[in-house]
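Coordinate inspection notes
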Amino acid sequence: MLIALQRYQIQQIHFFLSVPSSQSDQTKVFVRLNYMASETEKKLTSDHWIVPKSENNSTTNANGFTTSPWGIVSKTAEDASIAEDGNCLAFAAKDKSGVLTPLRFNRRAVGSDDVAIKITHCGICYGDVLWSRDRFAGRTKYPFVPGHEIAGKIQEVGANVTRFKVGDHVGLGSYVNSCRDCEYCNQFLEYHCAKGVTLAHNGVDVDGTITKGGYSTFTVVHERYVFKIPDNYPLEFAAPLLCAGVCVYAPMKEHKMDQAGKSLGVIGLGGLGHMAVKFGKFWGLNVTVFSTTESKRDAALNELKADKFVLMSDVSTLKTMVKSLDFIIDAAAEDHPLDPYILLLKAKGVYVVVGAPDEMKFSPLYVILGRTTIAAFAVDGTKITQEMFEFCAENKIYPMIETIPIQYAAEAHDRLLKKDVKFRFVIDIEKSLNDSVLQKETA
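Heads up: these notes are all about the structure in this document. Here the structure is a predicted model, which means the values were calculated and not measured. (Residues numbered from 1 in each chain as written. Predicted model: local features only at pLDDT ≥ 70, side-chain atom pairs only at ≥ 80, totals over all residues. Heavy atoms only, no water.)

Description of the overall build of the protein chain
Counting its secondary structure elements, the protein chain contains 12 helices and 23 strands. Counting only residues that meet the buried cut, the protein chain has 58% of its 443 residues in that class. A separation of at least 24 residues holds for 64% of the contacts in the protein chain among residues at least 6 apart in sequence. When the accessible surface of the protein chain is split by element, carbon and sulfur atoms take 51% of a total near 18,200 Å². (Helix = DSSP H or I, 4+ residues; strand = E, 2+ residues; numbered from the N terminus. Buried < 20%, exposed > 50% of the residue type's maximum accessible area, 1.4 Å probe, protein only. Contact = heavy atoms within 4.5 Å. Areas by Shrake-Rupley, 256 points an atom, 1.4 Å probe, with all protein chains shown as cover.)

What follows is the structure, given as structure tokens:
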């Protein structure tokens, strides 16, 4: 019986320790992601998701917008950027249905340290679907423009910009601002900024307007958060790296998963999972893919060249694999127990959670006896992200994508929920989002 909660924050995931009320109750650790918080957890937080009251550093800016340390805007805030004659065209969700329709709004003016990016491509992440349908603890501010895997070309630079010039190929990911002066920002770990990052969508920009994502024609951002994409790396392939790529590259590098001859398990073969397989095979790892879907077998073994494919329901095979893996990357989006996979790790093995399930459970005893490291990663700082782009370009590592027009984005969201994609949708913004599209949609 759950009678006490102790909160621990490991990057973006909160761990709750269930304390048994009697010897007959088993101690379990429940892992619940912030965005799917229960009603009880919501009572523990402020008006802004994932901000515990005891840590609430919310501030009100000059424009009257109340923001949390994570730059999340209050749902009651008004957005002055929406305008029928706005300078930016986008597709946006207008309500919880998540249906995407055209929207015009004004991007802010380019400041002295800013660049304007003409967006050519934008990847579709599972998070886009959740945000569009208000499933991040009920904090979506409508109209909502998704998209945090943004690739494009510099179309304007501010007076003080030194890193970029007009025409450069660039990328922009999940965050667009931070304090740039805390211990994390000084280590180029901006996503963990002590004063909070501003997200690429549903955050509060420097002018007080609500940030809007990459399902749009252009964006304006401080140059620090922009990544140089090597000219020889196609922009449509670059977009997914800004989330699906760095979410696995960063933990794999940090936990030394680049050692040839070691063994890696990848749970979930979607956008993140398939990139983990690609990186693992390049580094010479023996890679086993675990999936709930038999239809993924051919792609895993023949296209991605994984060494083994195991259905997560195949208990007999799992039993034969106990203590066989050095590392696990868990990229599964659906709820699943960790215990069967923790047992597959060798002593001192590393288990990294990068997926987005509602809840996961595991027995601490298995972790203790195996001296297992359990870690969690989302996107990471600017330094490691830029390193990843250069690594992928040099070694010709590309995500597997399905390119679509913006008009197909809502259907792509539905297909993503059904796991019907191999392995990342990428919207061709440059070719499909223009005034003629707006005229057709409103006719």
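Describing a nonpolar patch on the surface
On the surface, Val 322, Leu 343 and Tyr 366 cluster together into a nonpolar patch covering about 240 Å² of accessible area. Residue position: Leu 343 is located in the loop between helix H7 (339-342) and strand E19 (345-353). By relative accessible area, Leu 343 is classed as partly exposed at 34%. (Patch = residues over 30% accessible without salt bridge, like charges linked within 9 Å, V, L, I, M, F, W, Y side chains within 5 Å. Salt bridge = Lys/Arg side-chain N within 4 Å of Asp/Glu carboxyl O.)

Things to note about the packing of helix H3 (residues 235-254) against helix H4 (residues 271-282)
Here H3 crosses H4 at 50°, and the two axes come no closer than 9 Å. The angle between H3 and H4 places the two elements in the oblique class. Here H3 and H4 pass one another in a crossing that is right-handed. Facing Leu 241, Ala 244, Gly 245, Cys 247, Val 248, Tyr 249 and Met 252 of H3, the residues of H4 in contact are Gly 271, Leu 272, Met 275, Ala 276, Phe 279 and Gly 280. In the contact of H3 with H4, the residues fall into 10 nonpolar, 3 polar and no charged. (Axes fitted to C-alpha atoms, helices over the stretch in contact; angles between N-to-C directions. Parallel < 35°, antiparallel > 145°, perpendicular 65-115°, else oblique. Left-handed = near helix turned anticlockwise from the far one by under 90°. Nonpolar A, V, L, I, M, F, W, Y, C, P; charged D, E, K, R; others polar.)

As for H4
Spanning 12 residues, H4 covers 17 Å between terminal C-alpha atoms, matching the ideal 16 Å at 1.5 Å per step. Where burial is concerned, most of H4 is hidden: 9 out of the 12 residues are buried. Those residues of H4 that sit buried are Gly 271, Leu 272, Gly 273, His 274, Met 275, Ala 276, Val 277, Phe 279 and Gly 280. Check the buried side of H4 and you find it contacts H3, strand E15 (263-267), strand E16 (286-291), strand E18 (325-330), helix H9 (382-395) and strand E23 (424-428). Trailing H4 by a residue or two, Gly 284 shows a phi angle of about 85°, which is positive. (Expected span 1.5 Å × (residues − 1).)

Focus: the pairing of strand E9 (residues 150-157)
By the bridge criterion, 7 bridges tie strand E8 (residues 114-123) to E9 in an arrangement that is antiparallel. Looking across to E9, one finds that Ile 117 is bridged to Ile 154. For E9 and strand E10 (residues 169-172), the ladder comprises 4 bridges, and the chain directions are antiparallel. Paired with Ala 151 across the bridge in E10 is Gly 171. (Pairing = 2+ DSSP bridges.)

Focus on the environment of Val 354
Turning to its location among the elements, Val 354 is positioned in the loop between E19 and strand E20 (359-362). Accessibility expressed as a relative area gives 9% for Val 354, which makes it buried. Along the chain, Val 354 and Ala 332 lie 22 residues apart, while their C-alpha atoms are 7.9 Å from each other. In contact with Val 354, other than residues within four places in its own chain, are Cys 247, Val 248, Pro 251, Leu 272, Ile 329, Asp 330, Ala 331 and Phe 377.

Some details on the environment of Arg 108
Relative to the helices and strands, Arg 108 is located in the loop between strand E7 (100-105) and E8. When its relative accessible area of 14% is taken as the criterion, Arg 108 is described as buried. Residues Arg 108 and Gly 208 lie 100 residues apart in sequence; the distance between their C-alpha atoms is 9.6 Å. Arg 108 has contacts with Asp 114, Asp 205, Val 206, Asp 207, Val 220, Val 221 and His 222, leaving out every residue within four places of it along the chain. A polar atom in the side chain of Arg 108 sits 2.5 Å from the side chain of Asp 114. Engagement of the side chain of Arg 108 in a polar contact is seen with the side chain of Asp 205, the distance being 3.2 Å. (Polar contact = N/O pair within 3.5 Å; in protein donor to acceptor, adjacent residues only side chain to side chain.)

Concerning helix H10 (residues 409-417)
What sets the pattern is the α-helix's 3.6 residues per turn: residues three or four places apart point alike. Of the positions making up H10, those classed as buried are Ala 409, Ala 412, His 413, Arg 415 and Leu 416. Angularly, the buried residues of H10 cover 165° about the axis, an arc narrow enough to put them on a single face. Packed against the buried residues of H10 are E7, helix H2 (126-132), strand E22 (401-404) and E23. Trailing H10 by a residue or two, Lys 419 shows a phi angle of about 60°, which is positive. (Arc of directions from axis to C-beta.)

With respect to the sheet that holds strand E21 (residues 373-376)
Pairing is parallel across the open sheet formed by 6 strands, whose spatial order is E17-E16-E15-E18-E19-E21. The outermost strands of the open sheet, each flanked by one partner alone, are strand E17 (308-311) and E21. Along the sheet, successive strands turn relative to each other by an average axial angle of 20°, direction set aside. In this structure, E18 lies alongside E19, joined through 5 bridges in parallel fashion. Bridging across to E19, Asp 330 finds its partner in Val 353. Of the strands in this sheet, E15, E16 and E18 are in contact with H4, which crosses E15 at around 170°.

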